[in-house]
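Fold and contact review
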Amino acid sequence: MEKREYLIILYDFYSELLSDKQKEHFEDYYFNNLSLGEISENENVSRNAIHKSIKSIENKLYLYQKSQELNTLLANIKDEKLKKDIKNIL
């Protein structure tokens, strides 16, 4: 899967955890194909600030990857009671 597609899935999964500004930056960069420079001009902030905002979003959104890894591990558990108990926790 391409990184862009992966990040869009993550955004769909976790966007409610982001601030309005973080959502706006992410959407402008990945959905509206604006450059960091264009976003920074529109927001009246530095290009570096936009870059940090988008990178921090990517780092926060790796929760989806961890969820996928947990589901893979769960699929390999043979003990059905244990599997059910773990699923209830998640």
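Residues numbered from 1 in each chain as written. Predicted model: local features only at pLDDT ≥ 70, side-chain atom pairs only at ≥ 80, totals over all residues. Heavy atoms only, no water.

**What to know about the overall build of the protein chain**
Broken down by element type, the protein chain carries six helices and zero strands. Reading the protein chain from its N terminus to its C terminus gives the helix and strand order α-α-α-α-α-α. In terms of overall size, the protein chain is more extended than a compact globule, its C-alpha atoms giving a radius of gyration of 17 Å where 90 residues would be expected to give roughly 12 Å. Once the C-alpha set of the protein chain is aligned to its principal axes, its extents read approximately 55 × 25 × 15 Å. (Helix = DSSP H or I, 4+ residues; strand = E, 2+ residues; numbered from the N terminus. Rg over C-alpha atoms; globule rule 2.2 N^0.38 Å.)

**Structural notes on the packing of helix α3 (residues 36–43) against helix α4 (residues 47–60)**
Contact pair α3 / α4: the axes reach a minimum separation of 8 Å and the direction vectors enclose 110°. Judged by the inter-axis angle, α3 sits roughly perpendicular to α4. Contacts from Leu36, Gly37, Ile39, Ser40 and Glu43 in α3 reach Arg47, Ile50, His51 and Ile54 in α4. The residue makeup of the contact of α3 with α4, split by class, is four nonpolar, three polar and two charged. (Axes fitted to C-alpha atoms, helices over the stretch in contact; angles between N-to-C directions. Parallel < 35°, antiparallel > 145°, perpendicular 65-115°, else oblique. Contact = heavy atoms within 4.5 Å. Nonpolar A, V, L, I, M, F, W, Y, C, P; charged D, E, K, R; others polar.)

**Some details on the confidence of the model for the protein chain**
Overall, the predicted model of the protein chain reaches an average pLDDT of 85, with 98% of residues at or above 70. Mean pLDDT values for the elements of the protein chain range from 79 in helix α1 (residues 3–14) up to 94 in α3. (pLDDT = per-residue confidence, 0-100.)

**Considering helix α6 (residues 80–89)**
Burial analysis of α6 places just one of its ten residues in the buried class, which makes it a mostly uncovered element. A side-chain oxygen of the first residue of α6 lies 3.0 Å from the backbone nitrogen of lysine 81; this N-cap is aspartate 79. (Buried < 20%, exposed > 50% of the residue type's maximum accessible area, 1.4 Å probe, protein only. Polar contact = N/O pair within 3.5 Å; in protein donor to acceptor, adjacent residues only side chain to side chain.)

**Points about the environment of aspartate 85**
Note that aspartate 85 resides in helix α6. Judged by its relative accessible area of 33%, aspartate 85 is partly exposed.

**Remarks on the nonpolar core**
Leu7, Leu10, Phe26, Tyr30, Ile50, Ile54 and Tyr64 are the most contacted members of the largest nonpolar core, which totals 14 residues. Listing elements by their share of this core, those giving two or more residues are α1, α2 (20–31), α3 and α4. Tallying contributions element by element places α1 first for this core, with five residues. Those residues in contact with tyrosine 64 that sit more than four places away from it in its chain are Tyr6, Ile9, Leu10, Phe13 and Tyr14. (Core = buried A, V, L, I, M, F, W, Y, C linked by side-chain atoms within 4.5 Å.)

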